[in-house]
Amino acid sequence: MLKATKISDPELYALVEKEYERQVHNIEMIASESTVPLEVMELTGSVFTNKTLEGYPGARFQAGSHVADEVETLACQRAKELFGAEHVNIQTYSGSTANYSVFASVLNPGDKVLSMRLDQGGHLTHGSPANWVSKIYHFEFYAINPETELLDYDALEAKAREYQPKMIIAGASSYSRLIDYERIAKVAKEVGAYFMVDMAHVAGLVAAGVIPSPIPHADFVTSSTTKTFCSARSGMVFCKKEYAKMLDKGTFPGALGSIHLHTMAAKCWSFRYAASDAFKATMRQVVKNAQALAAALTEKGFRIVSGGTDNHLLVVDLRSKGINGRDFQNALDSVGITVNKNMIPFDQEKPSVTSGVRIGLTAVTQRGLKEPEIREIADIMEQVASAPFDEDNLARCREKAQALIARFPLYPVNPMEY
Ligand SMILES: *Cc1c(COP(=O)(O)O)cnc(C)c1O
């Protein structure tokens, strides 16, 4: 890969190489990240990127579509089988546009939508004032219970009854617990709302059967295909058969343009790979590693929001350590561990500072780290938090982090020379 670029644009090639080196030597714990298999990299760089097509298999707007039709049909078959879904649309470009295509399919300007508060785990595309969707639809938000830090289903139900939304959205970016989809589906049915689940963060865990699936309960299920699904930078939307036509029309021409056949091909490969024992074992270990990290950090006096985790991520409340999220993120970054600062529920700090960090275990688990190494990482985190501005301390932590991750190659072969 990149042999031609190396010759024609050495300056840019050097940047790719620099990023590769960064990834190799870094302990990657951003919860939305994962490492794509070489096949996904190959397919996203394949000749499929040359083909422009709009429409659906058998009904395209351009000629020369017969191979593309086979790819899209095969990918959809595999996706439906993997997730046990009645219908899927894989034309969306990412998790965000997956949501936009559902909104385009079923909502009209001024419609009411009930979703989870952004500062407690929801997503920008679920109605944040900073996102354009808030200019078109009216959003109300449900929250977590301040005591348990778990979703407050009773309050959600009361809010739905009072507000009478056209759609209820569940799914989050920084919620470490299982969501009771069945319960929310009942509420949605009662108030006559569509129920959409955004499983962007947990799609890999759902595919592997490690956590319960929203597919049987929701009218629409959207997702990114990066994150725990470990595939191309793209997205997908599932729905009940009765909404299939509506979703397809809402996606194209409703929301998007031509298909991205190269990422579609990569997703097609992943829809098969995700059914393998190897992928399932990785996903099981992701959750074990997240729980091991939560336990180890708790032992060291950190507080884990909601007391633990059922999935691939945890949110850590840093107040007991006297350090804020921004400073801890920066200190960890300087030792080669990447996490992101994150609001804790009812955070008193600004979003640019925060009292917490969000930590994800997908990428390190893919590299082969298990519980003993996760405990080593917790040790380093504790040491960083104990003196986050002490250069000597950080240098010692960096040495430990480097030595640890050097034992686990990012790829079985060097993708730059492959
Ligand atoms: C990441 C995320 C998205 C957006 O996905 P992109 O692929 O980054 O566009 C949407 N919803 C949730 C809940 C997410 O966590």
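Cut-offs used in this document
- Residues numbered from 1 in each chain as written.
- Predicted model: local features only at pLDDT ≥ 70, side-chain atom pairs only at ≥ 80, totals over all residues.
- Heavy atoms only, no water.
- Near = heavy atom within 4 Å.
- Polar contact = N/O pair within 3.5 Å; in protein donor to acceptor, adjacent residues only side chain to side chain.
- Areas by Shrake-Rupley, 256 points an atom, 1.4 Å probe, with all protein chains shown as cover.
- Nonpolar A, V, L, I, M, F, W, Y, C, P; charged D, E, K, R; others polar.
- Phe/Tyr/Trp six-rings, centres within 6.5 Å; stacked < 30°, edge-to-face > 60°.
- Helix = DSSP H or I, 4+ residues; strand = E, 2+ residues; numbered from the N terminus.
- Buried < 20%, exposed > 50% of the residue type's maximum accessible area, 1.4 Å probe, protein only.
- Pairing = 2+ DSSP bridges.
- Contact = heavy atoms within 4.5 Å.
- Axes fitted to C-alpha atoms, helices over the stretch in contact; angles between N-to-C directions.
- Core = buried A, V, L, I, M, F, W, Y, C linked by side-chain atoms within 4.5 Å.
- Parallel < 35°, antiparallel > 145°, perpendicular 65-115°, else oblique.
- Left-handed = near helix turned anticlockwise from the far one by under 90°.
- Disulfide = S-S within 2.5 Å.
- 1 Å grid on protein atoms, 1.4 Å probe; cavity = no way out; pocket = protein on both sides within 12 Å on 5 of 7 lines; lining within 4 Å.
- Points joined across faces, edges and corners; volume = space filled by probe spheres on them.
- Salt bridge = Lys/Arg side-chain N within 4 Å of Asp/Glu carboxyl O.

J.: Please give an account of the site of the ligand that cites residues and values.
T.: Near the ligand, the surroundings consist of Ser94, Gly95, Ser96, His123, Ala172, Ser173, Asp198, Ala200, His201, Ser224 and Lys227. Note that an oxygen atom of the ligand is positioned 3.0 Å from one of the side-chain N or O atoms of serine 94. Taken by itself the ligand offers 380 Å² of open surface, and the protein chains cover 85% of this. The class makeup of the residues in the shell around the ligand is two nonpolar, seven polar and two charged.

J.: Break down the packing of aromatic side chains for me, citing the residues and quoting the values.
T.: Note on aromatic pairs: each is described by the distance of the centres and the angle between the planes. Per the stated rule, a full pass over the model turns up 14 aromatic pairs. The interplanar angle of 65 degrees and the centroid separation of 6.1 Å between the aromatic rings of tyrosine 194 and phenylalanine 220 together place this pair among those described as edge-to-face. In this pair, tyrosine 194 sits in strand S8 (residues 194-198) while phenylalanine 220 sits in strand S9 (residues 220-224), placing the two residues 26 residues apart along the sequence. As far as the burial class goes, tyrosine 194 and phenylalanine 220 line up, both buried.

J.: Can you explain the sheet that holds strand S12 (residues 313-317)? Please cite residues and give values.
T.: Backbone-to-backbone hydrogen bonds pair the strands of a sheet. The strands run either parallel or antiparallel. With respect to topology, four strands assemble into an open sheet ordered S11-S12-S15-S14, the strand pairing being antiparallel. At either margin of the open sheet sits one strand with a lone partner, and together these are strand S11 (303-304) and strand S14 (340-342). Here three bridges tie S14 to strand S15 (residues 356-360), and the two strands are oriented antiparallel to one another. If you follow asparagine 340 over to S15, its bridge partner there is arginine 358. Contacting S11, S12 and S15, helix H12 (residues 277-299) crosses the sheet at an angle of about 15 degrees to S12.

J.: Residues and numbers for the environment of glutamate 371, please.
T.: Looking at where glutamate 371 falls in the secondary structure, it is placed in helix H15 (residues 371-386). Each C-alpha atom of the pair glutamate 371 and alanine 292 lies 6.1 Å from the other, and the pair is 79 residues apart in sequence.

J.: I'd love a proper account of the sheet that holds S9, names of residues and values included.
T.: The sheet built from seven strands is open, its strands ordered S4-S10-S9-S8-S7-S5-S6 with mixed pairing. Two strands bound the open sheet, and with one partner strand each, they are strand S4 (87-89) and strand S6 (138-142). In this sheet, neighbouring strand axes are inclined to one another by 20 degrees on average, regardless of whether the strands run parallel or antiparallel. For S9 and strand S10 (residues 235-239), the ladder comprises five bridges, and the chain directions are antiparallel. Looking at the pairing, phenylalanine 220 lines up with cysteine 239 of S10.

J.: Now, about the nonpolar core: what can you tell me, with residues and values included?
T.: Among the nonpolar cores identified, the biggest contains 97 residues, and Met29, Phe83, Ile337, Ile359 and Met381 are the most heavily contacted of them. Among residues more than four places away in sequence, those in contact with methionine 381 are Met29, Leu293, Leu297, Phe302, Phe328, Leu332, Ile337, Val339 and Ile359. Val102, Phe103, Val113 and Val237 belong to the second-largest nonpolar core, a separate cluster that totals 19 residues.

J.: Outline the packing of helix H7 (residues 153-163) against helix H8 (residues 181-191), listing residues and values.
T.: Taken N-terminus to C-terminus, the directions of H7 and H8 make an angle of 15 degrees; their axes are 10 Å apart at the nearest point. Taken together, the axes of H7 and H8 lie roughly parallel to each other. Where H7 crosses over H8, the two elements pack in a sense that is right-handed. Across the interface between the two elements, Tyr153, Asp154, Leu156, Glu157, Ala160 and Arg161 from H7 touch Arg183, Ile184, Val187, Glu190 and Val191 from H8. Counted by class, the contact of H7 with H8 contains six nonpolar, no polar and five charged residues.

J.: Which residues make up the state of the cysteines, and what values go with them?
T.: The full count for this structure, using the stated rule, is zero disulfides. Unpaired in terms of disulfides, cysteine 76 finds its nearest cysteine sulfur in cysteine 268, a separation of 8.9 Å. Judged by relative accessible area, cysteine 76 falls into the buried class, the value being 15%. Cysteine 230 takes part in no disulfide bond, and the closest cysteine sulfur, belonging to cysteine 268, lies 17 Å away.

J.: So what's going on with the layout of surface pockets? Which residues, and what values?
T.: For the largest pocket, the calculated volume is near 750 Å³. Around the largest pocket sit 29 residues that line it, and Gln23, Ser34, Val36, Met41 and Tyr411 are the ones nearest its centre. Only helix H2 (10-25) and helix H3 (38-44) provide two or more residues apiece to the lining of the largest pocket. In terms of residue count, the dominant contributor to the lining of the largest pocket is H2 (five residues). When the residues that make up the lining of the largest pocket are grouped by side-chain class, the tally is 13 nonpolar, nine polar and seven charged. As for the second largest pocket, its lining consists of 18 residues, and the residues nearest its centre are Leu118, Gly122, Ser174, Asn342 and Met343.

J.: Help me get a handle on the pattern of salt bridges, residues and values and all.
T.: Throughout the structure, instances matching the rule amount to 19 salt bridges. For the salt bridge of arginine 22 with glutamate 19, the shortest nitrogen-to-oxygen distance reads 2.8 Å. Residue arginine 22 and its partner glutamate 19 are located together in helix H2, separated by three residues, close to a single helical turn. A residue is classified by how much of its surface remains accessible, and glutamate 19, at 31% relative accessible area, is partly exposed. Across the pair glutamate 157 and arginine 183 runs a salt bridge, and its minimum N-O distance is 3.0 Å. Placement of glutamate 157 in helix H7 and of arginine 183 in helix H8 is noted, with a sequence separation of 26 residues between them.

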